[in-house]
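What follows is the residue order along each chain.
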Amino acid sequence: MPTSNAARQHVYRLALYGVRSSGKTCILSALSIPRVAHPEGLSCSWIENVPGHPLPSGDPSSWTTRDPYHIGWQWLSEQRKRLRSGDIPAPNPNRDPMRFLFDFGSPDHGTRHIELIDYSGELITASASELAATLREHMRECDGLLILAEAPRPNGDHTPLTDDLDKLAGAFRTLLNERGEAPRHEWPIAMLFNKWDRRTNANDEGDGDAADSLGEFLGQSPPPPHSALLDTIRNAVGSDNAYSFPVSAFGSHAIRDDGKEVPLLNDGRLQSFALEDGFVWVAQQC
């Protein structure tokens with residue numbers, strides 16, 4: 001049987017971490033449904049039928065498969081329905097990592113297959129030392145890492161973020177201490193500040209304005225807990241291998257009576273902004 005182009009093409013494996021309330025479920029779901037066009041022509045589409053991993057027959061609720069792609073398909077299919085109806089996806093269950101295959105494209109570099117491996121459950125349950133061991137393993141198996149962190153509302157409380165971000169920073173500090181005088185890890189890491197529509201409107205500001213807003217957020221006094229994590233990551237992998245992106249899965253939101261943020265769709269499309277940038281950047285760094 002001839003090998004498909006998809007099977008022959010290189011697949012970049014990226015580990016995905018999302019601290020609590022980072023909106024990781026929303027980002028994965030948003031990447032799989034129609035969105036307004038990216039101003040720089042970047043694109044993303046979910047590959048539901050992964051080569052070598054055909055979906056089982058029958059009702060998905062009756063599947064007994066343990067294939068991480070199949071488990072990911074079941075979960076993501078349900079969450080994208082919720083998002084397309086203007087609701088918010090359910091939280092990701094704390095279980096074995098799920099896997100997803102996407103095509104990310106850019107006008108300058110063409111299309112790349114990117115496998116996303118969701119490791120967020122390990123971030124929630126592991127200690128800093130256990131997480132450092134996990135990161136070390138992922139550095140051997142994966143091409144890069146994306147860290148998702150919530151952008152708090154202006155004048156919002158940063159306390160809920162502090163513990164998770166500090167735990168992840170502690171894991172990188174452990175790796176630095178183990179390294180000693182050895183060279184930095186050549187491993188690209190993108191930090192995605194999700195829910196940035198809380199702080200800026202993509203329809204009113206360009207990418208430069210959003211980047212300026214991110215710089216102001218990180219440079220405030222006292223600095224937010226994200227800053228210490230970013231500094232530790234840069235020390236671990238070097239400034240050229242670490243980059244921050246202000247992004248939004250929703251792009252625009254409304255607040256329900258229960259206080260939950262829900263997406264405002266435009267002609268059935270999410271108004272996401274800069275959602276593809278971090279993934280494309282990591283693949284290019286690889």
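### Things to note about the environment of His53
Part 1 of the argument: Topologically, His53 is positioned in the loop between strand S2 (43–46) and helix H3 (68–84).
Part 2 of the argument: When the C-alpha atoms of His53 and Asp67 are compared, they prove to be 7.9 Å apart, with 14 residues separating the residues in sequence.
Part 3 of the argument: Apart from the residues lying within four places of it in its own chain, the contact partners of His53 are Asp67, Tyr69 and His70.
Part 4 of the argument: At a separation of 2.7 Å, a polar atom in the side chain of His53 contacts the side chain of Asp67.

### Overview of the nonpolar core
In summary, soluble globular proteins display a tendency toward joint burial of nonpolar side chains.
Part 1 of the argument: In terms of nonpolar packing, the biggest core is built from 80 residues, with Phe102, Leu135, Leu145, Phe172, Leu229 and Phe279 touching the most fellow members.
Part 2 of the argument: Here this core gets eight residues from one element, more than from any other, and that element is helix H6 (residues 159–179).
Part 3 of the argument: Beyond its immediate sequence surroundings of up to four residues, Leu229 is in contact with Ile147, Leu165, Leu168, Ala169, Phe172 and Met191.

### Digging into the confidence of the model for the protein
Reading predicted coordinates in detail is not appropriate for stretches of low pLDDT.
Part 1 of the argument: With 88% of its residues at a pLDDT of at least 70, the protein reaches an overall mean of 84.
Part 2 of the argument: Within the protein, the lowest mean pLDDT, 46, falls on helix H1 (residues 5–8), and the highest, 96, falls on S2.

### Structural notes on the side chain of Asp103
Part 1 of the argument: Its place among the elements puts Asp103 in strand S3 (residues 98–106).
Part 2 of the argument: Among buried Asp, Glu, Lys and Arg side chains, Asp103 stands out as unpaired, with Arg112 the closest opposite charge at 10 Å.
Part 3 of the argument: Within the structure, Asp103 has its side chain in polar contact with the side chain of His113 (distance 2.2 Å).

### A word on the environment of Met139
Part 1 of the argument: Relative to the assigned elements, Met139 resides in helix H5 (residues 128–141).
Part 2 of the argument: The class for Met139 is buried, based on a relative accessible area of 15%.

### Examining the packing of helix H2 (residues 24–31) against H3
Part 1 of the argument: Running from amino to carboxyl end, H2 crosses H3 at an angle of 85°, the nearest separation of the two axes being 9 Å. Relative to H3, H2 is oriented roughly perpendicular. Across the interface between the two elements, Thr25, Cys26, Leu28, Ser29 and Ala30 of H2 pack against Trp75, Leu76, Gln79, Arg80 and Leu83 of H3.
Part 2 of the argument: When the residues that make up the contact of H2 with H3 are grouped by side-chain class, the tally is six nonpolar, three polar and one charged.

### Here we look at H5
Part 1 of the argument: Spanning 14 residues, H5 covers 20 Å between terminal C-alpha atoms, matching the ideal 20 Å at 1.5 Å per step.
Part 2 of the argument: Listed in full, the buried residues belonging to H5 are Leu131, Ala132, Thr134, Leu135, His138 and Met139. End-on, the buried residues of H5 take up no more than an arc of 165°, which puts them together on one face.

### Re the sheet that holds strand S6 (residues 189–194)
Part 1 of the argument: One open sheet accounts for seven strands, arranged S2-S3-S4-S1-S5-S6-S7; its pairing is mixed. Looking along the sheet, the strands with just one partner apiece sit at the ends: S2 and strand S7 (242–246). Between one strand axis and the next, the sheet turns through 30° on average, direction left out of account.
Part 2 of the argument: Relative to S3, S2 runs antiparallel, the two being bridged by four bridges. The partner of Ser43 across the bridge, within S3, is Gly105.
Part 3 of the argument: Packing against the sheet, H2 makes contact with strand S1 (11–18), S2, S3, strand S4 (110–118), strand S5 (144–150) and S6, and its axis sits at approximately 55° to S3.
Part 4 of the argument: Along the sheet face, helix H9 (residues 277–285) touches S1, S3, S4, S5, S6 and S7 and points at about 175° away from the line of S6.

Thresholds, definitions, all that
Residues numbered from 1 in each chain as written. Predicted model: local features only at pLDDT ≥ 70, side-chain atom pairs only at ≥ 80, totals over all residues. Heavy atoms only, no water. Helix = DSSP H or I, 4+ residues; strand = E, 2+ residues; numbered from the N terminus. Contact = heavy atoms within 4.5 Å. Polar contact = N/O pair within 3.5 Å; in protein donor to acceptor, adjacent residues only side chain to side chain. Core = buried A, V, L, I, M, F, W, Y, C linked by side-chain atoms within 4.5 Å. Buried < 20%, exposed > 50% of the residue type's maximum accessible area, 1.4 Å probe, protein only. pLDDT = per-residue confidence, 0-100. Lys, Arg positive; Asp, Glu negative; His and termini not counted. Salt bridge = Lys/Arg side-chain N within 4 Å of Asp/Glu carboxyl O. Axes fitted to C-alpha atoms, helices over the stretch in contact; angles between N-to-C directions. Parallel < 35°, antiparallel > 145°, perpendicular 65-115°, else oblique. Nonpolar A, V, L, I, M, F, W, Y, C, P; charged D, E, K, R; others polar. Expected span 1.5 Å × (residues − 1). Arc of directions from axis to C-beta. Pairing = 2+ DSSP bridges.

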